[in-house]
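# Coordinate analysis (summary)
Here's the letter readout for the chains.
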Amino acid sequence: MLTIVLASFVYFSGLGRYGLRSTEGHRAIPAWTMAKSADPDDWLVPRLFERPYLRKPPGLQWAIASCSFVFGQTEFAARAALAIASTLSAVVSLVFAGRWFGWRWCIPVGPAYVLAPFTWVPARTAEIEALNHLGTQLAVFALIDLLLRERRSGTRTLVFVGAMGVLIAGMAKGPASFPLLPATFLGCCLITRSWAPLRSAGAWGATALGLAGIAGATWLIARAVADLDEPAVTQDVGEFLWSWSRMSEVAAMPLLALLTAMPLPLAALFPFGKDAHLETLRHDPRSTEIGGALALACVFALVGYAAVGVHNPRYAMPATCVLGPLVAYVWRGLGVCVPCRMSRLRRCWAMLFMVGHPVVLGSGLLIGFVVFTRTAEHAKGMTSGREAGIAIAPHLHAGSMLIVRDLAEARPETIWYALREAERLGVSVEARWLPERIADHPPGTMLLLRTDRLSREAQGVLARGWPRLEAVASVRVHVYEATLYRVVAREIAGGSDGGATEEHAEAQLALSLGIGSHESLAGGGEALGSEEVGEFVLGERVGRGARGIGDGLFIAGETHGEDRAVRPCE
């Protein structure tokens, strides 16, 4: 009950206070599109403004869409799915801690997990991590139980729980938690100094069933993508792995991952050594092995993440989220009337870990949470595109098409809020994301184009000269700037016959960059000045590899969700 009360306050309070921000729109908007659709294929292939969007598996979109049936299409509904997942993670940690170390000593586990600072952001944002943590915990805890426990009770249940954990983690964040699987098997073998755990049919069965479920879902999604008329937006997992420029970050990642999960990693120190073995010898010898297996699985997974080049500690959070049950191991060792009481020296270290008493530690973390919501979370909430979208809405016309490109990658919530506000004003507008090119569009079409120095796609379209645009309104979202344009004519300004072909415009553009010749021009019109476009890359989308002269001049938007800024080319 204490766990649920704390989770209700820490994870659910004020969830809908701020508009969607950062990459939340990439998760919530496709989920809401799913919720409105009766087509099963739309649940297999999420869409972001009509564009198939599969940068991540659709597991989180399924969760948000399900919550939206209850809470509506609101910021609270988008984030509640992750708050529920984090609450379940705390409960799962508590249940397995009670099973392993005694129900009398598991009470602090849930509150310790809820109050651990590294869980706050995943639980309070519409991002993938919290759902991935839940799946990772279910898989690792069930596997350790199957690999190390002697009793056979509940084997079928554990196999099911382990398989569901693997499936949930895989559908939430793809292979992000997969290093935990070999790390768990290896940790159990090392802590027992035997290969005997590998003979557990239940552990192998749970793993196989979970991977089979992922394979089946992947096959269904791939079949649905093959039937599409346009390619889906995807993301190569290699973007998160080895890069020689990040060697120092990769080396520092394991230590930073442990520091960000404090105080839970401190509990991982206690199940090792001669004293730890003596403490549990008369009570439950297996509990030391289970505690050690949890700690070793975390360490081996961190080594695995570093080996493949993961540099951001946030991507290694699945390795540290499994340490929660060790709080019960420490708490049991501090008990007065138990046969496995810690030695005096280890009790001193345990009390230092708990800052003298669990109540003192919990109170300090709770105060830290309040400070976090008033400072860091508030500052992040102020970067939402909600106000910008509301400002754009009055300038949209009924029945018009709103074309977007780089802003859909950077801050899609701006577009969603504009459409929602326009609907409230009685104006029906359809938005479409065209990530590859801004083509010729009929008069009356609206274009929402970025103008900041990280993209400046609008300058590229204006320099191209077609279609002719009229600026309507400009907005700023965090570090991004965008202008709403209306198409007023389809011809190229300055053409000898009042209009020209797309090929002529491309030739003009090529000539201005010095990659063509005057003879390549098919008609009248003046070449664009190279000083206007010299700082851009022609038709190159960073991280995507798409090329094309007719697309005009642009620097691609950013690879969202990874805090990866795109630099203007020199």
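Residues numbered from 1 in each chain as written. Predicted model: local features only at pLDDT ≥ 70, side-chain atom pairs only at ≥ 80, totals over all residues. Heavy atoms only, no water.

### Details of the sheet that holds strand β1 (residues 47-48)
An order of β1-β2-β3 is seen for the 3 strands of this open sheet, with the pairing classed as mixed. Every interior strand has two partners, whereas the edge strands, β1 and β3 (233-234), have only one. Looking at chain direction, β1 and strand β2 (residues 51-54) are connected through 2 bridges and run antiparallel. By the bridge assignment, Arg47 is partnered in β2 with Pro52. (Pairing = 2+ DSSP bridges. Helix = DSSP H or I, 4+ residues; strand = E, 2+ residues; numbered from the N terminus.)

### Brief notes about the side chain of Glu421
Here Glu421 is to be found in helix α23 (residues 412-424). Setting aside residues up to four positions removed in sequence, Glu421 forms contacts with Ile390 and Ala393. (Contact = heavy atoms within 4.5 Å.)

### Quick notes on helix α10 (residues 180-192)
For α10, with 13 residues, the first-to-last C-alpha span of 18 Å sits near the 18 Å given by 1.5 Å per residue. Those residues of α10 not exposed but buried are Leu180, Leu181, Ala183, Thr184, Phe185, Gly187, Cys188, Cys189 and Ile191. (Expected span 1.5 Å × (residues − 1). Buried < 20%, exposed > 50% of the residue type's maximum accessible area, 1.4 Å probe, protein only.)

### Focus: the pattern of salt bridges
Within this structure, the stated rule accounts for 20 salt bridges. Where Arg51 meets Glu230, a salt bridge forms, and the shortest distance between an N and an O atom there is 3.2 Å. Of this pair, Arg51 sits in strand β2 while Glu230 sits in the loop between α11 (201-226) and β3, and the two are 179 residues apart along the sequence. Under the relative-accessibility criterion, Arg51 is labelled buried at 8%. As a salt-bridge pair, Arg55 and Glu409 come within 2.7 Å of each other at their nearest N and O atoms. Of this pair, Arg55 sits in the loop between β2 and α4 (59-71) while Glu409 sits in helix α22 (residues 406-410), placing them 354 residues apart in sequence. As far as the burial class goes, Arg55 and Glu409 line up, both buried. (Salt bridge = Lys/Arg side-chain N within 4 Å of Asp/Glu carboxyl O.)

### A closer look at helix α9 (residues 155-173)
If you check α9, its first and last C-alpha atoms are 27 Å apart, about what 19 residues at 1.5 Å a residue would give, namely 27 Å. The set of residues buried in α9 consists of Leu158, Val159, Val161, Gly162, Ala163, Gly165, Val166, Ala169, Gly170, Met171, Ala172 and Lys173. Turning to α9, the residues buried within the fold contact α4, α5 (75-101), α8 (129-148), α10 and α11. Just downstream of α9 lies Gly174, where phi reads positive at about 60 degrees.

### A short note on the confidence of the model for the protein
For any part of a model where pLDDT is low, the fine detail of the predicted coordinates should not be relied upon. Across the protein, the average pLDDT comes to 80, with 81% of residues at 70 or higher. Ignoring residues within four places in sequence, the model shows residues 495-502, a span with pLDDT below 50, making 9 contacts including any to other chains. (pLDDT = per-residue confidence, 0-100.)

### Brief notes about unusual backbone geometry
Residue Pro263 follows Met262 across a cis peptide bond; omega there is 10 degrees. The phi torsion at Phe49 lies on the positive side, around 55 degrees, for a residue other than glycine. Inspection of the secondary structure puts Phe49 in the loop between β1 and β2. Judged by relative accessible area, which is 7%, Phe49 ranks as buried. Not every positive phi belongs to a glycine, and Glu50 is a case in point at roughly 75 degrees. For Glu50, the location among the structural elements is in the loop between β1 and β2.

### Section: the nonpolar core
The nonpolar side chains of a soluble globular protein tend to be buried, and buried together. With 135 residues, the main nonpolar core has Phe49, Ile144, Leu396, Leu402, Ile415 and Leu448 as its most contacted residues. Each residue touching Ile415, except ones within four places of it in the same chain, is listed here: Phe49, Leu402, Val404, Leu407, Ala408, Ala431 and Leu448. If you look at the next biggest cluster of nonpolar residues, it comprises 10 residues, including Leu434, Leu449, Leu469 and Tyr485. (Core = buried A, V, L, I, M, F, W, Y, C linked by side-chain atoms within 4.5 Å.)

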